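One letter stands for each residue in the lines below.
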Amino acid sequence: LIGVYTNRHGERWELQLKGSGKTPYSRNGDGRAVLRSSVREFLCSEAMHYLGIPTSRAASLVVSDDAVWRDQFYNGNIKKERGAIVLRLAKSWFRIGSLEILAHSGELDLLRRLLDFIIQEHFPSIAVNDSNKYLEFFSTVVSETANLISLWMSVGFAHGVCNTDNFSLLSITIDYGPFGFMDSYDPNFVPNTSDDERRYKIGNQASVGLFNLSKLLQALKPLLDPRQKQLASQILEGYGEHYYSRFTELFKAKLGLLGENENDNYLIAFLLKVSLLC
């Protein structure tokens, strides 16, 4: 993260470099990015934006003369590639993992301070002095995550690595690593060649979203009283209904279906079946 920029419309954007090298939080990698993946992230994030799907944006791409060594297909064939850096923007880069790691390490004061900051900066409809603010925050993230994954499914987008570190607390699409669009409907479609177990296949995205939200609830529980914990569990149980309702709405729009009809779901299923056979 290199800074915060406010544009002429008063919109606040956090600027981040991808591929610029190691950071204090780097794991075993070199922190670099290759040209092919950088171009893909640039193009896809802009495409998603113009498809009307909440996403980070790409501001620029700079090619590096430095060599980066990568095993593209994870088959032991390491090759030298040209490096690149993407300047990308988002209203926030905080993820479910940002809260999960603090709760896991018992840093509850820092967890509370970070949550209060996120709510104040990015959830203006929630009053910072409301005793139920964390509950309202969780409810918003649950419904917006269901909406985001429904939108992914409506265009056949598979993220590739749907862990808690790649799920935004603002429910936008972030971290375009392995990803792909289906050419025809296939619930087993996996864009990540290293995902041997098909954990993040496109047909699992809604379920993985629920798993990640359960991890978010687990991180929030130390800050909730018994009544709020019970209500939060009920909110999480409503995730499936949120997702199904939005998914149905989007696919009815694709088919030009108006109003409500008991055969709508049959037509949606038939559309996917026809696509599967194409």
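Predicted model, so just to flag it, every value in this text is computed and none were measured.

A.B. asks: Teacher, can you tell me more about the packing of aromatic side chains here?
C.D. replies: Taken as a whole and judged by the stated rule, the model has 11 aromatic pairs. Relative to Phe179, the ring of Tyr176 has its centre 5.7 Å away and its plane inclined at 85°; by these criteria the two rings are edge-to-face. Connected via pairs of aromatic rings, a cluster forms that spans Trp152, Phe157, Phe167, Tyr176, Phe179 and Phe181. Looking at Lys91, its charged tip hangs above the ring of Trp13, at a distance of 4.8 Å from the centre.

A.B. asks: Mind showing me how you'd approach the side chain of Glu46 here?
C.D. replies: Along the chain, Glu46 turns up in helix H1 (residues 35-50). Exposure remark for Glu46: the relative accessible area of 16% places this residue in the buried category.

A.B. asks: Even after reading the chapter, I still don't get a nonpolar patch on the surface, so can you show me in this structure?
C.D. replies: Residues Leu255, Tyr266, Leu267, Phe270 and Val274 make up a contiguous nonpolar surface patch of about 450 Å² in total accessible area. Ranked by the residues each element gives to the nonpolar patch, the list is headed by helix H8 (residues 264-277), at four residues. Summarising the element assignment, Phe270 is placed in helix H8. For Phe270, a relative accessible area of 44% translates into the label partly exposed.

A.B. asks: Even after reading the chapter, I still don't get the packing of helix H4 (residues 133-154) against helix H6 (residues 226-237), so can you show me in this structure?
C.D. replies: Helix packing geometry: the angle between the two helix axes and the distance between the axes. Put simply, H4 and H6 touch, their axes get as near as 10 Å, and they point 10° apart. Relative to H6, the element H4 is oriented roughly parallel. Of H6, the residues touching H4 (which contributes Leu135, Phe138, Ser139 and Val142) are Gln228, Leu231, Ala232, Ile235 and Leu236. When its residues are assigned to classes, the contact of H4 with H6 shows seven nonpolar, two polar and no charged.

A.B. asks: Can you help me understand the domain arrangement of the protein in this one?
C.D. replies: One frequently used descriptor of interface size is the decrease in accessible area upon assembly of the parts. Splitting the protein by domain gives domain 1 (3-90) and domain 2 (96-254). Once you take the C-alpha centre of each, domain 1 and domain 2 turn out to be 22 Å apart. With 20 residues of domain 1 in contact, the opposing surface of domain 2 contributes 20 residues. Approximately 1500 Å² of surface area, both sides summed, lies buried where domain 1 meets domain 2, with 61% of it carried by carbon and sulfur atoms. Inspection of the region where domain 1 meets domain 2 yields two salt bridges.

A.B. asks: Whenever I open this one, the environment of Tyr239 confuses me. Can you help?
C.D. replies: Checked against the element boundaries, Tyr239 lands in helix H7 (residues 239-255). We classify Tyr239 as buried; its relative accessible area is 3%. Each C-alpha atom, one on Tyr239 and one on Asp66, is 46 Å from the other, the two residues being 173 residues apart in sequence. Beyond its immediate chain neighbours, meaning those up to four positions away, Tyr239 contacts Val142, Ala146, Ile149, Ala206, Gly209, Leu210 and Leu213.

A.B. asks: Is there a simple way to think about the nonpolar core in this case?
C.D. replies: Soluble globular proteins tend to bury their nonpolar side chains together. By size, the foremost hydrophobic cluster in this structure holds 55 residues, and its most contacted members are Leu99, Phe137, Phe138, Ile149, Trp152, Leu216 and Leu220. With 12 residues, H4 is the single largest residue contributor to this core. When residues of this core are assigned to domains, at least three fall in each of domain 1 (3-90) and domain 2 (96-254). Among residues more than four places away in sequence, those in contact with Leu99 are Leu111, Leu114, Leu115, Ile118, Phe137, Leu169, Leu216, Ala219 and Leu220.

A.B. asks: I'm lost on the pattern of salt bridges in this one. Help?
C.D. replies: Should their charged atoms come close, side chains of opposite charge can pair. Applying the stated criterion across every chain, the model contains 16 salt bridges. Across the salt bridge formed by Asp66 and Arg32, the nearest N and O atoms sit 3.7 Å from each other. With a gap of 34 residues between them, Asp66 in strand S3 (residues 57-70) and Arg32 in the loop between strand S2 (12-18) and H1 connect regions that are remote in the sequence. In this structure Asp66 comes out as partly exposed when scored by relative accessible area, which is 43%. Among the ionic pairs, Arg246 bridges to Glu249, the shortest N-O distance being 3.3 Å. Residue Arg246 and its partner Glu249 are both found in helix H7; the two are separated by three residues, about one turn of the helix. Assessed through its relative accessible area of 23%, Arg246 is described here as partly exposed. Beyond isolated ion pairs, a larger network of salt bridges with shared partners links Lys18, Glu41, Arg88, Arg95 and Asp175.

Conventions adopted
- Residues numbered from 1 in each chain as written.
- Predicted model: local features only at pLDDT ≥ 70, side-chain atom pairs only at ≥ 80, totals over all residues.
- Heavy atoms only, no water.
- Phe/Tyr/Trp six-rings, centres within 6.5 Å; stacked < 30°, edge-to-face > 60°.
- Lys NZ or Arg CZ within 6 Å of the ring centre and 35° of its normal.
- Helix = DSSP H or I, 4+ residues; strand = E, 2+ residues; numbered from the N terminus.
- Buried < 20%, exposed > 50% of the residue type's maximum accessible area, 1.4 Å probe, protein only.
- Patch = residues over 30% accessible without salt bridge, like charges linked within 9 Å, V, L, I, M, F, W, Y side chains within 5 Å.
- Areas by Shrake-Rupley, 256 points an atom, 1.4 Å probe, with all protein chains shown as cover.
- Salt bridge = Lys/Arg side-chain N within 4 Å of Asp/Glu carboxyl O.
- Axes fitted to C-alpha atoms, helices over the stretch in contact; angles between N-to-C directions.
- Parallel < 35°, antiparallel > 145°, perpendicular 65-115°, else oblique.
- Contact = heavy atoms within 4.5 Å.
- Nonpolar A, V, L, I, M, F, W, Y, C, P; charged D, E, K, R; others polar.
- Domains from an automatic or database assignment.
- Buried area = accessible area lost by both parts, 1.4 Å probe.
- Core = buried A, V, L, I, M, F, W, Y, C linked by side-chain atoms within 4.5 Å.

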